[in-house]
Amino acid sequence: MAGEAQADCVFCRIVAGEIPATVVRKSERTLTFRDINPQAPTHLLVIPRVHYPNAAELAAAEPEIAAELLVEAGEAARGEGLAAYRLIFNTGADAGQTVFHAHVHVLGGEPLTEGLV
Ligand code: 5GP
Ligand code: ZN
């Protein structure tokens, strides 16, 4: 069934407490933790507790949770004291997605001057 935990999914296993993570925020339907391989001084991941392979599929199936992801990303950035930050949703392997459980990257803590857009 859509949204069900996947035994072979690293983020489902973090939600289940089977893999440790440095969690900075929790909400009823999301979890925010530090990326294990940070690409900026602050690099957080906000994920839904339910499993969808990417953010668009999450938004199509459960738009309220997708909205909560953005609210939580903003609150997490504020909690880190970030005045400016970047949110990234990699979707598909060719776009750099490596974990196929919806997530948004929150990057900040240094001037983010490079970018595709
Ligand atoms: P993607 O490339 O799919 O957009 O992002 C996946 C992110 O998850 C990567 O930045 C990677 O460093 C992070 N990641 C992968 N495995 C783990 C893990 O076990 N713990 C944490 N905290 N981050 C992870
Ligand atoms: Zn998952």
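Just so you know, these numbers come straight off a predicted model, no measurement behind them. (Residues numbered from 1 in each chain as written. Chains lettered and ligands numbered in written order. Predicted model: local features only at pLDDT ≥ 70, side-chain atom pairs only at ≥ 80, totals over all residues. Heavy atoms only, no water.)

Hey, could you run me through the site of ligand 1 in this one?
With respect to spatial proximity, 16 residues lie near ligand 1, and among them Asp35, Gly96, Thr98, His103 and His105 are the closest. With respect to ligand 1, the backbone of Ile36 contributes an N or O atom lying 3.3 Å from a nitrogen atom. Between ligand 1 and the protein, one listed contact pairs an oxygen atom with a side-chain N or O atom of His103 at 2.8 Å. Protein contact buries 84% of the 520 Å² of open area that ligand 1 shows by itself. Going through the elements one at a time, helix H1 (10-15) and strand S2 (30-34) are the ones with two or more residues in the shell around ligand 1. It is H1 that provides the largest number of residues to the shell around ligand 1, a total of 3 residues. Of the residues contributing to the shell around ligand 1, the split by class is 7 nonpolar, 7 polar and 2 charged. (Near = heavy atom within 4 Å. Polar contact = N/O pair within 3.5 Å; in protein donor to acceptor, adjacent residues only side chain to side chain. Areas by Shrake-Rupley, 256 points an atom, 1.4 Å probe, with all protein chains shown as cover. Helix = DSSP H or I, 4+ residues; strand = E, 2+ residues; numbered from the N terminus. Nonpolar A, V, L, I, M, F, W, Y, C, P; charged D, E, K, R; others polar.)

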